[in-house]
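# Chain and residue survey
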Amino acid sequence: MKCPHCDEKIGLFSKALNKFGNPKTCPKCTGIIKIKVDVKLALLWFVPMMLLHFFVMKPLVSAAGYSGSGVIGIVAGLTIVLSMKLANADKT
């Protein structure tokens, strides 16, 4: 993900983004940022993730002898993580 202020890359698991409380600040430029889910991007990821779920993950888990019902939670979480972006906290 890139900082909306300085365009520097910030890792999803970086110390700056995973601290408790707000505001979160960019470690490079100390700009105030927030993490938000881009709904358009999440909808774009929806179809490929459902195909992954029904045709790859669920059959593999079922073939291993487990119920494939819990796999949808993993796929949904992955969809949300892939659609996250950083936004300027001053704008809404």
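Below is a summary of the structure that appears in this document. (Residues numbered from 1 in each chain as written. Predicted model: local features only at pLDDT ≥ 70, side-chain atom pairs only at ≥ 80, totals over all residues. Heavy atoms only, no water.)

## Focus: unusual backbone geometry
- Positive phi is not limited to glycine here, since Asp7 has a value of about 60°.
- Tracing the sequence through the fold places Asp7 in the segment before β1 (24–25).
- At Thr30, a residue that is not glycine, the phi angle is positive and equals roughly 55°.
- Summarising the element assignment, Thr30 is placed in the loop between β1 and β2 (32–37).
- For Thr30, a relative accessible area of 59% gives the class exposed. (Helix = DSSP H or I, 4+ residues; strand = E, 2+ residues; numbered from the N terminus. Buried < 20%, exposed > 50% of the residue type's maximum accessible area, 1.4 Å probe, protein only.)

## Overview of the sheet that holds β1
- Pairing within the open sheet is antiparallel, and its 3 strands lie in the order β1-β2-β3. Both outer strands of the open sheet, β1 and β3 (84–88), are each paired with one neighbouring strand and no more.
- Summarising the sheet, β2 and β3 pair through 5 bridges and their orientation is antiparallel. Looking at β3, one finds that Ile33 is bridged to Asn88. (Pairing = 2+ DSSP bridges.)

## As for a nonpolar patch on the surface
- Residues Phe46, Val47, Leu51, Phe54, Phe55, Val56 and Leu60 make up a contiguous nonpolar surface patch of about 750 Å² in total accessible area.
- For Leu60, the position within the fold is in helix α1 (residues 39–63).
- Classification of Leu60 by relative accessible area gives exposed; the value is 60%. (Patch = residues over 30% accessible without salt bridge, like charges linked within 9 Å, V, L, I, M, F, W, Y side chains within 5 Å. Areas by Shrake-Rupley, 256 points an atom, 1.4 Å probe, with all protein chains shown as cover. Salt bridge = Lys/Arg side-chain N within 4 Å of Asp/Glu carboxyl O.)

## Brief notes about the nonpolar core
- Counting residues in each nonpolar core, the largest one holds 6 residues, listed as Cys3, Ile10, Leu17, Cys26, Ile33 and Leu86.
- For Ile33, the contacting residues outside a window of four places in its chain are Cys3, Pro4, His5, Ile10, Leu17, Lys24, Thr25, Cys26, Leu86, Ala87 and Ala89. (Core = buried A, V, L, I, M, F, W, Y, C linked by side-chain atoms within 4.5 Å. Contact = heavy atoms within 4.5 Å.)

## Quick word on helix α2 (residues 71–82)
- If you check α2, its first and last C-alpha atoms are 17 Å apart, about what 12 residues at 1.5 Å a residue would give, namely 16 Å.
- Within the sequence span of α2, burial applies to Val71, Val75 and Thr79. The arc enclosing the buried residues of α2, seen along the axis, measures out at 80°, which places them on a common side.
- Buried positions along α2 lie against α1. (Expected span 1.5 Å × (residues − 1). Arc of directions from axis to C-beta.)

## Overview of the environment of Lys28
- Assignment of secondary structure puts Lys28 in the loop between β1 and β2.
- A sequence separation of 24 residues divides Lys28 from Leu52, and the C-alpha atoms of the two residues are 37 Å apart.
- The contact partners of Lys28, leaving out residues within four places of it in the chain, are Cys6 and Glu8.

## So, the packing of α1 against α2
- Running from amino to carboxyl end, α1 crosses α2 at an angle of 150°, the nearest separation of the two axes being 9 Å. Overall, the two elements α1 and α2 adopt an arrangement that is roughly antiparallel. At the point where α1 passes α2, the crossing takes the right-handed sense. Residues Leu41, Ala42, Trp45, Met49, Met50, His53, Met57, Lys58 and Val61 of α1 pack against Val71, Ile72, Ile74, Val75, Leu78, Thr79 and Leu82 of α2.
- The residue inventory of the contact of α1 with α2, partitioned by class, reads 13 nonpolar, 2 polar and 1 charged. (Axes fitted to C-alpha atoms, helices over the stretch in contact; angles between N-to-C directions. Parallel < 35°, antiparallel > 145°, perpendicular 65-115°, else oblique. Left-handed = near helix turned anticlockwise from the far one by under 90°. Nonpolar A, V, L, I, M, F, W, Y, C, P; charged D, E, K, R; others polar.)

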